[in-house]
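If you want the building blocks of each chain, they are given just below.
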Amino acid sequence: MKTSLKYIVVLVLLIGFVSCQNNSRPNYQYMPNMYESVGYETYQESDAFANGVEAQLPAEGTIPRGDFMPYEIDDTTEGYDFAKANLTSPLDSTQIDYAEGKVLYDIYCGICHGTKGNGKGKLVEREKILGVPSYDARPITTGSIYHVIYYGINSMGSYANQLNENERWQVVAYVEKLKADLEK
């Protein structure tokens, strides 16, 4: 008798909860602005800022979060020449990791430049791109390699977004190693 009474009480409670539900009106929301926020368009007009536009420039002198250092040499022929003559690696010999450099080089550079730096990558062999010279066939320096990785040159695009600063310097060190191996 007691168990049947328990079942009846549970059944009455369930029926009570279900019967009070009203699907025609929405439930209560805690902090509804978080659920239904106003979506601003980037360049829409706004009274929130003095210039009347939502999009704002970052505060002067700020740099993005993460592993980022500004590279202040211009993407010009003069900038390339300056980098080639003056830019040196901030890494000392204990910080260079040729294994990491090789992995990054194989991912980003080897497809065109070849795994040995001889200009015979898969895309060159398949004649998808032409004119990729061997590293030993041109006068490259630490600065010129970094500058080209950062900005790109000719049909080679920039890899500044794919590689952070340390990774770029690791690739530079590995390219210099490949060049030295080719010159032997």
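What counts, and at which threshold
- Residue numbers here run from 1 along each chain, matching the order of that chain's written sequence.
- The predicted origin of the model limits local features to residues at a pLDDT of at least 70 and limits the giving and counting of side-chain atom pairs to 80 or more, whereas totals for whole chains, interfaces and linings rest on all residues.
- The basis for every side-chain value is the complete set of non-hydrogen atoms in the structure, without hydrogens or water.
- When two rings of Phe, Tyr or Trp (its six-membered ring) have centres within 6.5 Å they constitute a pair, described as stacked for plane angles under 30 degrees, edge-to-face for angles over 60, and tilted for the intermediate range.
- Labels follow the DSSP assignment, with helices taken as runs of H or I lasting at least four residues and strands as runs of E lasting at least two, numbered in each case from the N terminus.
- Each residue gets one of three labels from its accessible area relative to the maximum for its type: buried under 20%, exposed over 50%, partly exposed in between, using a 1.4 Å probe on protein chains only.
- In this description, contact between two residues means that some pair of their heavy atoms is separated by no more than 4.5 Å.
- The salt bridge criterion pairs a side-chain nitrogen of Lys or Arg with a carboxyl oxygen of Asp or Glu, the two atoms within 4 Å.
- Given the number of residues in a helix, its expected span is that number minus one, multiplied by 1.5 Å.
- Nitrogen and oxygen atoms within 3.5 Å of one another constitute a polar contact, given that in protein one can donate a hydrogen and the other can accept it, and given that sequence-neighbouring residues count only through two side-chain atoms.

## Observations regarding the packing of aromatic side chains
At step 1: By the definition in use, this model includes nine aromatic pairs.
At step 2: Between tyrosine 71 and tyrosine 151, the ring centres sit 5.7 Å apart and the planes meet at 50°, which makes this aromatic pair tilted. Separated by 80 residues along the polypeptide, tyrosine 71 in the loop between helix 2 (32–35) and helix 3 (77–86) and tyrosine 151 in helix 7 (residues 142–151) bring together distant segments of the chain.
At step 3: Note on tyrosine 71: relative accessible area 13%, which makes it buried.
At step 4: Owing to a relative accessible area of 24%, tyrosine 151 belongs among the partly exposed residues under this scheme.
At step 5: Ring geometry for tyrosine 150 against tyrosine 151: centres 5.0 Å apart, planes inclined by 80°, an arrangement best described as edge-to-face.
At step 6: Taken together, the ring pairs connect Tyr71, Tyr146, Tyr150, Tyr151 and Trp169 into an aromatic cluster.

## Description of helix 7
At step 1: The buried count for helix 7 comes to nine of ten residues, which makes it a mostly enclosed element.
At step 2: Considered for burial, the residues of helix 7 that qualify are Thr142, Gly143, Ser144, Ile145, Tyr146, His147, Val148, Ile149 and Tyr150.
At step 3: For helix 7, the elements touching its buried residues are helix 3 and helix 8 (165–183).
At step 4: One or two residues past the end of helix 7 sits glycine 152, with phi positive at roughly 85°.

## What about the side chain of lysine 179?
At step 1: The residue lysine 179 is located in helix 8 in this model.
At step 2: The buried category is assigned to lysine 179, whose relative accessible area is 15%.
At step 3: Lysine 179 has contacts with Tyr135, Arg138, Pro139 and Ile140, leaving out every residue within four places of it along the chain.

## A few points about the pattern of salt bridges
At step 1: Scanning the model with the defined rule gives four salt bridges in all.
At step 2: Between lysine 179 and glutamate 183 there is a salt bridge; the shortest N-O distance is 3.6 Å. Here glutamate 183 and lysine 179 lie together in helix 8, a separation of four residues that amounts to about one turn.
At step 3: The salt bridge involving lysine 184 is made with aspartate 181; its shortest N-O contact spans 3.7 Å.
At step 4: Classification of lysine 184 by relative accessible area gives exposed; the value is 79%.

## Details of helix 8
Residues three or four positions apart in an α-helix share a direction because the helix packs 3.6 residues into each turn.
At step 1: The terminal C-alpha atoms of helix 8 lie 27 Å apart, and with 19 residues this matches the ideal 27 Å at 1.5 Å per residue to within 8%.
At step 2: The set of residues buried in helix 8 consists of Glu165, Arg168, Trp169, Gln170, Val171, Val172, Ala173, Tyr174, Val175, Leu178 and Lys179.
At step 3: Packing partners of the buried residues in helix 8 comprise helix 4 (98–108) and helix 7.
At step 4: Capping of helix 8 at its N-terminal end is provided by asparagine 164; its side-chain oxygen lies 3.1 Å from the backbone amide nitrogen of asparagine 166.

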